[in-house]
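Structural characterization, general
Given next are the chains, with one letter for each unit.
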Amino acid sequence: MSDFLFKNATVVDGTGKPPFEADILVEGPVIRQVGRMDGARAKRTVDAQGLVVCPGFIDMHCHADFSLPIVPSADSLVHQGITTAVVGQCGLSPAPLPQSNREEVIVGLSAILSEVEEEIPWSEWSSFGDYLLFLRRLGVSLNVVPLVGQGTIRSGIMGFREGRASEEQMKGMQEEAAKAIQQGAWGLSTGLIYPPGSYASTDELKELMQVVAREGGFYFSHIRGESETLVEAVAEAIRIGRETGASVQISHFKAAGRQNWGESKKALALIDQACKEGLDVYTDMYPYTAGSTTLVAFLPEWAQEGGKEAVLGRLSDSAIRIKMTEDMMKGGFAKSVEWDTVLITGSPRKPEYQGLLVSDLAARVGKTAHVWIFDALLETNLQIHIALFAMSEDNRKREIRHPLMTFCTDGMGFTAMGSLPRSLTHPRSYGAFPRILSHYVREEGILSLEEAVHKMSGLAAKRLNLKDRGLIKPGTAADLVVFDPVKVRDRATYDNPHQYAEGILEVIVNGEPVIHEGSHTGSRPGRILNRL
Ligand SMILES: [Zn+2]
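Computed from a prediction, not measured in an experiment: that's the story for all the values here. (Residues numbered from 1 in each chain as written. Predicted model: local features only at pLDDT ≥ 70, side-chain atom pairs only at ≥ 80, totals over all residues. Heavy atoms only, no water.)

Looking only at helices and strands, one finds 16 helices and 21 strands in the protein. In terms of overall dimensions, the protein is globule-like: its C-alpha atoms have a radius of gyration of 22 Å, near the 24 Å expected for 532 residues. In terms of principal-axis extent, the alpha carbons of the protein reach across some 80 × 50 × 45 Å. Residues counted as buried form 64% of the 532 residues belonging to the protein. Of the contacts formed within the protein by residues at least 6 apart in sequence, a portion of 77% connects residues at least 24 apart. Element-wise, carbon and sulfur atoms account for 49% of the exposed surface of the protein, whose accessible area totals about 19100 Å². (Helix = DSSP H or I, 4+ residues; strand = E, 2+ residues; numbered from the N terminus. Rg over C-alpha atoms; globule rule 2.2 N^0.38 Å. Buried < 20%, exposed > 50% of the residue type's maximum accessible area, 1.4 Å probe, protein only. Contact = heavy atoms within 4.5 Å. Areas by Shrake-Rupley, 256 points an atom, 1.4 Å probe, with all protein chains shown as cover.)

Structure (structure tokens):
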């Protein structure tokens, strides 16, 4: 007897076709049959009358590789209907950790990922393959598509230092990248606004990507600029694809800063142009107008260099503070920021800052924003997370519709009950996918339901060359979501983010229920997916 029968479902099958009424039969980890099945029986029958059944959602940009070792149930993600997550993003992956400067790499990664610093069991792995084996043994609730981070590789060979790679260092990085690909990485990611990624020239990235592309690996990039230099940064990523043959994913697409909103159209046009040229370029976004990063990212690049102690040293030096302020006003990430758009979301050492704007916090103590930031970074040992309200809703509506746009959380898997520090976090970790269904489909009508589901499943699977997922048809993996199209919505907000989405009733991963009647079952049927 089959394991599951979904009766009378409104099927949105992931192809972009209009919804149709059907029953779905699941056997083991696979969809067996789709259509009218009067008299069919199964161990479990779900009456899906009035509900949508669609393929599980694919999160194209996720940092859950840092949360899964602590929260393998990935609650905030699977409650959204996400059944597959592409992790190892922004140049940051938990492996490989080198023999020589293992501690330096761990400290550096932790500084960027301050939300999970305390509990990651770093001692459990060294190589990329070790890390994946650790996840396999642990068992996780969703499927994982892992990338290796260029920043992790570079810091392992060169530390968190600026400067060109020597021939020998370049060779070392290429070897590490090749090893990671052989051990299961689907490609390489970069994060070109953070050290050490920001220290890598286009030529260095090309040399590294050549090795990855030869193996058919992807290039996922948090590009070098998402504000003033957005267009140049997109062009750099496309060029790396053109010159190495790699498929390119422009990660968490955005035009940040009011004066740069006009750049969104130009950047998307550049992606269209690349496709016309025959290149394989896609992009992804989260459906919010605020981004999220650490307060440290506002410092000039040179001031972020050399690891935590070096940064803290500079923050305590009054002459260097003057130089930093000058540079922050002249250019870089901080230049286009209005301080009343920067909300403190995480500050474990100074929880009283959470939920407040930098402009208000600075005014309250009679400091300039720059001085307040320097002081706050010192007080908190650099551990402050922020949300930055820098994007235009009109742009978001246009970007969402772009034919090469897929979706992401750019988040992690938390539990609302909290086994991780209770700082605020960007609501996207809990709400990104349901928010598209409620805000942009149901309320705004920007996408039809089938278009949205297609982008979340079929299109994302096509992008990844995932041939056996992302669609509802016989023979594909039984990754399924059952949701109420009238009630589905995100509940997570900036000041109360730790709240699961509503209306996502059943989530099936490889034929096993992970969400049943709206609650996590505790089951961990996720697989570390192999590149076909
Ligand atoms: Zn990023």
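The next subject is the coordination of the zinc ion. Bound to the zinc ion are the protein donor atoms Cys90 (SG), His222 (ND1) and His252 (NE2), situated 2.1 to 2.2 Å from the metal. Each donor residue of the zinc ion belongs to the same chain, and together they define the spacing C-x131-H-x29-H. In this pair, His222 sits in strand β11 (residues 218–222) while His252 sits in the loop between β12 (248–250) and α8 (263–276), placing the two residues 30 residues apart along the sequence. Accessibility expressed as a relative area gives 4% for His222, which makes it buried. (Donors = N, O, S within 2.8 Å, 3.2 Å for Na, K, Ca; no water.)

The next point concerns empty space enclosed by the protein. Across all of its chains, the model carries three cavities of 30 Å³ or more by this definition. What the largest cavity holds in volume is close to 220 Å³. Looking at the largest cavity, it is lined by 15 residues, and the ones nearest its centre are Gly108, Ala111, Ile112, Val296 and Gln304. Elements that contribute at least two residues to the lining of the largest cavity include exactly α2 (102–112) and α9 (308–315). In terms of residue count, the dominant contributor to the lining of the largest cavity is α2 (four residues). Residues of the lining of the largest cavity, tallied by class, amount to 10 nonpolar, four polar and one charged. (1 Å grid on protein atoms, 1.4 Å probe; cavity = no way out; pocket = protein on both sides within 12 Å on 5 of 7 lines; lining within 4 Å. Points joined across faces, edges and corners; volume = space filled by probe spheres on them. Nonpolar A, V, L, I, M, F, W, Y, C, P; charged D, E, K, R; others polar.)

What follows deals with the domain arrangement of the protein. Accessible area lost upon the coming together of the parts is a frequently used measure of interface size. When the domains of the protein are assigned, the result is domain 1 (55–289 + 390–468) and domain 2 (293–388). Taken residue by residue, the interface counts 26 residues in domain 1 and 20 residues in domain 2. For the pair domain 1 and domain 2, the summed buried area comes to about 2000 Å², and 49% of that belongs to carbon and sulfur atoms. Across the contact surface, domain 1 and domain 2 share one salt bridge. One salt bridge connects Lys335 with Glu228, and the closest N-O pair in it is separated by 3.2 Å. Viewed at the interface, domain 2 and domain 1 are joined by two residue pairs in polar contact (both at pLDDT 80 or more). Considered class by class, the residues forming the side of domain 1 that touches domain 2 number nine nonpolar, nine polar and eight charged. (Domains from an automatic or database assignment. Buried area = accessible area lost by both parts, 1.4 Å probe. Salt bridge = Lys/Arg side-chain N within 4 Å of Asp/Glu carboxyl O. Polar contact = N/O pair within 3.5 Å; in protein donor to acceptor, adjacent residues only side chain to side chain.)

Next up on the list: the pattern of salt bridges. Applying the stated criterion to the full structure yields 30 salt bridges. A salt bridge links Lys266 to Glu263; the shortest N-O distance between them is 2.9 Å. Of this pair, Lys266 and Glu263 are both found in helix α8, three residues apart, which corresponds to roughly one turn of the helix. The exposure class assigned to Lys266 is partly exposed, which follows from its relative accessible area of 46%.

So, on to the sheet that holds strand β8 (residues 143–146). With parallel pairing, the three strands of this open sheet are ordered in space as β6-β7-β8. Single-partner strands in this sheet number two, and they are β6 (57–62) and β8. Along the sheet, successive strands turn relative to each other by an average axial angle of 20°, direction set aside. Pairing analysis gives four bridges linking β6 to strand β7 (residues 82–87), with the strands arranged parallel. Its bridge partner being in β7, Cys62 is matched across the sheet by Val87. (Pairing = 2+ DSSP bridges. Axes fitted to C-alpha atoms, helices over the stretch in contact; angles between N-to-C directions.)

Time to look at the nonpolar core. Ranked by internal contacts, the top residues of the largest apolar core, which has 115 residues, are Tyr219, Ile250, Phe407 and Phe483. Among the elements that line this core, the one with the most residues is helix α14 (residues 428–443), at seven residues. Within the second largest apolar cluster, 31 residues are counted, among which are Leu315, Val337, Leu361 and Leu382. (Core = buried A, V, L, I, M, F, W, Y, C linked by side-chain atoms within 4.5 Å.)

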